[in-house]
Structures are given as structure tokens and as C-alpha cells.
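Secondary and tertiary structure notes
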Amino acid sequence: EFALLNGSIIERSEAKVDVEDRGYQFGDGVYEVIRIYNGKMFTATEHLKRFFKSAESIGISIPFTNLQLKEMLQELLIKNNLETGNIYMQVTRGTAPRNHLFPTENVVPTLVAYTIKGVRPLDGLKSGVKAILTEDIRWLRCDIKSLNLLGNLLAKQKASEQGCFEAIQHRGQDVTEGSSSNIFIVKDGTVITHESNHLILKGITRDVILDLCTKNNIPVQERSFTLVEIESAEEAFLSSTTAEVMPVIEIDGKKINSGIPGPLTRKLQDLFKLEIE
Ligand code: PDD
């Protein structure tokens, strides 16, 4: 197995980061997860664009161009012979003596990428998954794909401890997003998902789904929706790079669409499958 560390592809076991790396100490960095289908990156352009944008929004300047990084990731994929799985990458502000202030001298960002083998979550995609509702306790820049994931982790762990796949977060009455996914409901035949603002991550899978809706004349609305709306939804599903279009069939113990994936969810799954094949 190989990993990418600061522009070099090396043995993964040789890829070492300092104890004073700011990612390790402060979560001072951003990340991306790119899905690999049939040995190829899916929506790589969109992920790389978001990676650079996230980094820029916290003042980290990635010392490579978008194209250089893409080529290095391609090489990593080939070297690791990855057919199906993910590429994980992150960039931190670099290594410097611990101080909350950004380092002043020319500290280079630490950029790491590696691959993870993994199949599509076929069982969940077929039968659907359960979710809980939980208050969104995160910060107000959820649009940045930050390494600071404590709020997300606590929510996901809580869901898992209740036998559920995902925690659907809400701020007061308004549903925002999952702990590691975007949330959709279907109401009167319209697909609804939170508008892209500072309260959610603008998921790449979310964007693919919204595009598919538009192209196939499925009505969509990007707006926040309430707990009452999700509890009475005709259908619900979540989306992410790893979970794709995942039906949600139960929320806080209450069944959605009698506990089976809904017709519009199925249709979007079929359309999504055509994109990745
Ligand atoms: N998470 N919202 C949050 C908080 C997420 O962490 C993710 C993805 C998404 C969906 O984004 P996308 O469709 O671009 O994957 C939404 C990744 C997969 C993760 O942290 O592993």
C-alpha cells in the first residue's frame, strides 16, 4: 500500500506526520473523500474544487495546482490497484510549535492522501436504514469540510448506540443534515433538501441528485424543512459519497412510507446507478 505525503508517493507505513502537526493538535485542516468506481474517481473535479475552496476559506494555501493533485491521486490509485473504494485526503496548516495563532514563518501545509478498499453499501441501499433525530450542536461554518468533526462524531455514535445508521441533525425545528450525509424528504411528490448555506455541507452527491431531479422533471426544492415535515414525509433518504442514495425507512422508531424505500427514492437510486456505471 502506498500513500501520498506532501507530493511524494511513498510506502504507507513510511508516511509519518509530526506530533505538532496542526491537524493532529487543533483539527486545523480540511478533507475530502472521493469514491472510486471501476478504478476511476467519481466526480473528481467537484471534490477537488471543494477541497481547494475549503482550504482557502480557512487560509490554507495548498502548494499544488488542482491538476497536479488530480494527477498524483490518479497515480496513487494505479499504484494501489484500487477498483472499488475511496480516496481520503486531507490538508492541514502544517507543523509548528503549538500556538493557537497561525504560524507566521513559511510553514508548509501537510497534505496526505491514501486509499481505502470498500464495496458499495448494497444491503442498506436495498432495504433502507434507520435514523435518529438529534440537536445540531456544531459550529456555524458547516459549509467548510473541516477536520473538526466532534459534533458529527457524537451524533453518529449516539445513532449507532440506538441501532441506527445515521443521526439527522436539527437546529430547533429545522432539519439541517446528517452527521456525515445530506438529508432529503419527499412531500407531495417534491424532493426537498436544505438549501446550501453555512448550516450544511454542500454535498457532491446532493448536487448529483438535484441535477438528476432537474433532468428528469422531478420537482425539487432547496429549502429547510421542519421536524414535523420529516416525521410526516412520504419518503426520506440521505446522500453521501459513500452512502450514495440511501433510503431512510425509520426515524426515532417511527416508520416512513410503512418502513420500505419509497418509489421516488428508488427512481433516484436507479438514475444514480446509471451515473456510476
Ligand atoms: N462525508 N454532510 C456532511 C456533514 C458530511 O460529512 C458529508 C460527507 C456529506 C455528504 O457530502 P458528499 O456527498 O460530498 O460526500 C454531507 C464524507 C463522506 C465523510 O466524512 O466520510
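Right above here is the structure, for reference.
Residues numbered from 1 in each chain as written. Predicted model: local features only at pLDDT ≥ 70, side-chain atom pairs only at ≥ 80, totals over all residues. Heavy atoms only, no water.

This part covers the overall build of the protein. Across its full length, the protein carries eight helices and 16 strands. Computed over C-alpha atoms, the radius of gyration of the protein comes to 19 Å, within 12% of the 19 Å expected from 2.2 N^0.38 for 277 residues, which places it in the range of a compact globule. Principal axes of the C-alpha set define a box for the protein whose edges measure 55 × 40 × 35 Å. The average position of the 32 basic charges and that of the 37 acidic charges among the side chains of the protein differ by 2 Å. (Helix = DSSP H or I, 4+ residues; strand = E, 2+ residues; numbered from the N terminus. Rg over C-alpha atoms; globule rule 2.2 N^0.38 Å. Lys, Arg positive; Asp, Glu negative; His and termini not counted. Charge placed at Lys NZ, Arg CZ, Asp CG, Glu CD.)

This part takes up the sheet that holds strand β3 (residues 29-37). Strand order in this open sheet of six strands is β2-β1-β6-β5-β3-β4, and the pairing throughout is antiparallel. Each edge of the open sheet carries a strand with a single partner, namely β2 (8-11) and β4 (40-41). Judged from the two bridges that link them, β3 and β4 form a sheet pairing that is antiparallel. Bridge pairing in β4 places I36 opposite M41. Each of β3, β4, β5 (85-92) and β6 (110-117) is contacted by helix α2 (residues 44-57), which is oriented at about 175° to β3, the strand it contacts most. (Pairing = 2+ DSSP bridges. Contact = heavy atoms within 4.5 Å. Axes fitted to C-alpha atoms, helices over the stretch in contact; angles between N-to-C directions.)

Among the 20 residues in the neighbourhood of the ligand, the closest are listed as Y31, E177, I204, T205 and T241. Interatomic distance of 2.6 Å between a side-chain N/O atom of T205 and an oxygen atom of the ligand. Expressed as a share of its isolated accessible area of 480 Å², the protein-covered part of the ligand is 89%. Breaking the shell around the ligand down by element, the ones donating at least two residues are β3, α2, β9 (174-178), α6 (204-215) and β14 (235-240). (Near = heavy atom within 4 Å. Polar contact = N/O pair within 3.5 Å; in protein donor to acceptor, adjacent residues only side chain to side chain. Areas by Shrake-Rupley, 256 points an atom, 1.4 Å probe, with all protein chains shown as cover.)

Viewed as axis vectors pointing N to C, α2 and helix α3 (residues 66-79) meet at an angle of 125°, and their least axial separation amounts to 11 Å. The angle between α2 and α3 falls in the class oblique. Seen along the crossing, α2 lies across α3 with a hand that is right-handed. Residues A44, T45, L48, K49, F51 and F52 of α2 pack against N66, L69, K70 and L73 of α3. In terms of residue class, the contact of α2 with α3 is built from six nonpolar, two polar and two charged. (Parallel < 35°, antiparallel > 145°, perpendicular 65-115°, else oblique. Left-handed = near helix turned anticlockwise from the far one by under 90°. Nonpolar A, V, L, I, M, F, W, Y, C, P; charged D, E, K, R; others polar.)

Okay, the packing of aromatic side chains next. Taken as a whole and judged by the stated rule, the model has six aromatic pairs. On the basis of an interplanar angle of 25° and a centroid distance of 5.7 Å, the ring pair of Y31 and Y88 is categorised as stacked. Of this pair, Y31 sits in strand β3 while Y88 sits in strand β5, and the two are 57 residues apart along the sequence. Neither Y31 nor Y88 differs from the other in exposure class; each is buried. Taken together, a centroid distance of 6.3 Å and an interplanar angle of 90° make the contact between F51 and F52 edge-to-face. Feature note: the residues Y31, Y88 and Y114 constitute an aromatic cluster, connected by ring pairs. The positively charged end of R93 is found above the aromatic ring belonging to F102, 3.4 Å away from the centroid. (Phe/Tyr/Trp six-rings, centres within 6.5 Å; stacked < 30°, edge-to-face > 60°. Buried < 20%, exposed > 50% of the residue type's maximum accessible area, 1.4 Å probe, protein only. Lys NZ or Arg CZ within 6 Å of the ring centre and 35° of its normal.)

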